[in-house]
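# Results of the structural survey
These are the residues of each chain, in order.
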Amino acid sequence: MSDNERQQIEQAQRADTDRIFTLPNILSFVRLLLIPLIVILYEDGYPLWSFLVLFLSGVTDVVDGWIARTFHLVSDFGKAIDPVADKLTQLVVLLCLLDSKYWWVIGALVMKELVIGIMTLMALRKTHSVYSAGWYGKLCTMVIYLSMGTLILWKPVFGMAAPNWFVLADSILIVSLIFLSFGKYFVYFAKILKEARNARKAA
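Just so you know, these numbers come straight off a predicted model, no measurement behind them.

### Considerations on the packing of aromatic side chains
- A full pass over the atoms with the stated rule returns 11 aromatic pairs.
- With centroids separated by 4.8 Å and ring planes inclined at 80°, the aromatic side chains of Tyr136 and Tyr185 adopt a geometry described as edge-to-face. Linking Tyr136 in helix H6 (residues 135–158) with Tyr185 in helix H7 (residues 164–202), this pair joins segments that are 49 residues apart in sequence.
- Using a relative accessible area of 10% as the deciding quantity, one classes Tyr136 as buried.
- Aromatic side chains Trp154 and Phe158 sit 4.7 Å apart centroid to centroid with 40° between the ring planes, which places their arrangement in the tilted category. In this pair, Trp154 and Phe158 are both assigned in helix H6, 4 residues apart and thus about one turn of the helix distant.
- What makes Phe158 exposed here is its relative accessible area of 51%.

If you want it as structure tokens, here you go:
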């Protein structure tokens, strides 16, 4: 392969990772637009419709990742906007569903996202790479979505609000997974930053 051909391939790869208006990214934008609709439907007394919109949001999350990997539409922008759409959905819907006495659930989620978000930006600045979510982050997201769906559907299915014992147990489970995810991400990004620092010193 000639140097010119290699350079053309590298330019094409960079163009792929720099794209913004791809189908997966558009689906992430759609998830952002669905957030207020979920809340409005729930607050206006349409929990089934609220659940369906939340379910649609979760489906688009799975589908956009599959499309990006299958059709080689993975982009740096997509790696950034996808988790933003997820976390905003979780934060806003949990604020809507949980009583104020469960502030510690929201606090744990915000703390994790702020710290890991800062570490992600530091890793991006030092390595010029955007990193995808690990299995622990995906597990945490899946459980939070299941919890939100359950809390939305509890009253339509059982005719009453979810009992305190269930909300408490569910909240403890969510926070436990948030801290598991936080710990794993913290170690992961700390290692990346350390390696980047060592590489800079060696250079």
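### Overview of a positive patch on the surface
- There is a patch of like positive charges on the surface, built from Arg125, Lys126, Lys194, Arg197, Arg200 and Lys201.
- Sorting the residues of the positive patch by element identifies helix H5 (103–127) and H7 as the ones contributing at least two each.
- Ranked by the residues each element gives to the positive patch, the list is headed by H7, at 4 residues.
- Positionally, Arg200 belongs in helix H7.

Rules used throughout
- Residues numbered from 1 in each chain as written.
- Predicted model: local features only at pLDDT ≥ 70, side-chain atom pairs only at ≥ 80, totals over all residues.
- Heavy atoms only, no water.
- Phe/Tyr/Trp six-rings, centres within 6.5 Å; stacked < 30°, edge-to-face > 60°.
- Helix = DSSP H or I, 4+ residues; strand = E, 2+ residues; numbered from the N terminus.
- Buried < 20%, exposed > 50% of the residue type's maximum accessible area, 1.4 Å probe, protein only.
- Patch = residues over 30% accessible without salt bridge, like charges linked within 9 Å, V, L, I, M, F, W, Y side chains within 5 Å.
- Areas by Shrake-Rupley, 256 points an atom, 1.4 Å probe, with all protein chains shown as cover.
- Salt bridge = Lys/Arg side-chain N within 4 Å of Asp/Glu carboxyl O.
- Lys, Arg positive; Asp, Glu negative; His and termini not counted.
- Charge placed at Lys NZ, Arg CZ, Asp CG, Glu CD.

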